[in-house]
Amino acid sequence: VQEWNEAAERIVGWPASEALHRHYTEFLAAEGDRASMEKLWNELSHGRAVSRMRCANQTKSGELVECEWFHTSLVDETGRVVAVASMARDLTECRTLQQQLLQSQKMEAVGRLVGGISHDFNNLLTAILGGAELAQLQVEKGESPEPELGSIRSATHRAMALTQKMM
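Residues numbered from 1 in each chain as written. Predicted model: local features only at pLDDT ≥ 70, side-chain atom pairs only at ≥ 80, totals over all residues. Heavy atoms only, no water.

J.: Break down the packing of aromatic side chains for me, with residues and values.
T.: Considering all chains together, one arrives at zero aromatic pairs under this definition. Over the face of the ring belonging to Trp 14 we find Lys 60, whose NZ or CZ atom lies 5.6 Å from the ring centre. (Phe/Tyr/Trp six-rings, centres within 6.5 Å; stacked < 30°, edge-to-face > 60°. Lys NZ or Arg CZ within 6 Å of the ring centre and 35° of its normal.)

J.: Please provide a residue-by-residue account of the pairing of strand 2 (residues 64-75), values included.
T.: Two elements, strand 1 (residues 50-58) and strand 2, share nine bridges in a ladder whose sense is antiparallel. Bridge assignment links Gln 58 to a residue of strand 2, and that residue is Leu 64. Adjacent in sequence and paired antiparallel, strand 1 and strand 2 are bridged by five residues, among which Gly 62 carries a positive phi angle near 95°. Where strand 2 hands over to strand 3 (residues 81-90), the hairpin turn is made up of five residues, of which Gly 79 adopts a positive phi near 90°. (Pairing = 2+ DSSP bridges. Helix = DSSP H or I, 4+ residues; strand = E, 2+ residues; numbered from the N terminus.)

J.: Residues and numbers for the pattern of salt bridges, please.
T.: Under the definition given, this model contains eight salt bridges. Of the charged contacts in the structure, one is a salt bridge between Lys 39 and Glu 43, with a shortest N-O distance of 3.8 Å. With Lys 39 and Glu 43 both in helix 3 (residues 31-45) and four residues apart, this pair spans about one turn of that helix. For Lys 39, a relative accessible area of 57% corresponds to the exposed category. Arg 153 is paired through a salt bridge with Glu 146; the nearest N and O atoms lie 2.8 Å apart. Exposure remark for Glu 146: the relative accessible area of 43% places this residue in the partly exposed category. What emerges from the salt-bridge pattern is a single network uniting Arg 52, Glu 68 and Arg 89. (Salt bridge = Lys/Arg side-chain N within 4 Å of Asp/Glu carboxyl O. Buried < 20%, exposed > 50% of the residue type's maximum accessible area, 1.4 Å probe, protein only.)

J.: Pulling in residues and values, what's your account of unusual backbone geometry?
T.: Phi angles above zero are rare outside glycine, and His 21 is one such case at about 70°. By secondary structure assignment, the location of His 21 is in the loop between helix 2 (16-19) and helix 3.

J.: Run through the packing of helix 4 (residues 92-141) against helix 5 (residues 146-166), naming residues and quoting values.
T.: Helix 5 packs onto helix 4 with a crossing angle of 160° between their chain directions and a minimal axis gap of 9 Å. Comparing the axis directions of helix 4 and helix 5 gives the class roughly antiparallel. Taken as a pair, helix 4 and helix 5 cross one another with a handedness that is left-handed. Together, Ile 117, Asp 120, Phe 121, Leu 124, Ala 127, Ile 128, Gly 131, Ala 132, Leu 134, Ala 135 and Gln 138 of helix 4 and Glu 148, Leu 149, Ile 152, Ala 155, Thr 156, Arg 158, Ala 159, Leu 162, Thr 163 and Met 166 of helix 5 make up the contact between the two elements. (Axes fitted to C-alpha atoms, helices over the stretch in contact; angles between N-to-C directions. Parallel < 35°, antiparallel > 145°, perpendicular 65-115°, else oblique. Left-handed = near helix turned anticlockwise from the far one by under 90°. Contact = heavy atoms within 4.5 Å.)

J.: Explain the sheet that holds strand 3 to me, and be specific about the residues and the numbers.
T.: Ordered by their spatial adjacency, three strands build an open sheet running 1-2-3, and the pairing between neighbours is antiparallel. Edge positions in the open sheet fall to strand 1 and strand 3, since each of these has one partner strand only. If you compare each strand with its neighbour and ignore which way they point, the axes differ by 30° on average. By the bridge criterion, nine bridges tie strand 2 to strand 3 in an arrangement that is antiparallel. From the neighbouring strand, Cys 67 faces strand 3, where its bridge partner is Asp 90.

J.: Could you give an account of helix 5, naming the residues involved and the relevant values?
T.: Between its first and last C-alpha, helix 5 extends 30 Å over 21 residues, near the 30 Å set by a 1.5 Å rise per residue. Along helix 5, the residues that are buried comprise Glu 148, Ile 152, Ala 155, Ala 159 and Leu 162. For helix 5, the buried positions fall inside an angular range of 85° around the axis, keeping them on one side. Pointing more than 90 degrees away from the buried face of helix 5 are the exposed residues Pro 147, His 157, Gln 164 and Lys 165. Where helix 5 is buried, its residues contact helix 4. (Expected span 1.5 Å × (residues − 1). Arc of directions from axis to C-beta.)

J.: I'd love a proper account of the nonpolar core, names of residues and values included.
T.: With 19 residues, the main nonpolar core has Trp 4, Trp 14, Met 37 and Met 53 as its most contacted residues. Broken down by secondary-structure element, the contributors of at least two residues to this core are helix 1 (6-12), helix 2, helix 3, strand 1 and strand 2. Setting aside anything within four residues of it in sequence, one finds Trp 4 in contact with Glu 9, Val 12, Trp 14, Pro 15, Ala 16, Ala 19, Leu 20 and Phe 27. Counting five residues, the second largest nonpolar core, distinct from the first, contains Ile 117, Ala 155, Ala 159 and Leu 162. (Core = buried A, V, L, I, M, F, W, Y, C linked by side-chain atoms within 4.5 Å.)

What follows is the structure, encoded as structure tokens:
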């Protein structure tokens, strides 16, 4: 590392005084990222113009922060690669927002499902209550409540089936 700015300090927590002259792989978190970066570094140092990649970086405190890295080979007037410039963008907040959006979408889907089931269940309870009230009126008139009891039984079985589906 030949240069280190305030943004790099903010992202990985290393002050410039401690980051300068360290090997860049010391800031990478995973072995797989290190191998990929070594290969990329070799390509960049031999003239590959531009690269973009994502990898996990380890902060000074040991936390992981996912970054999107942009690299470009710096060449002199003869075309010889003299350095590689790298810029990082911290993706932590973006990842957090994506996870929150996904969670919100899941909750919305569950809410719609619960709303639909509640509506269906309420319709069944209304049919059961209505059938029970009609059966009571028929009993009071001295008539047989059998037709209403049949509809009560049918609505109850549908409610039980709905409950089984929910479980």
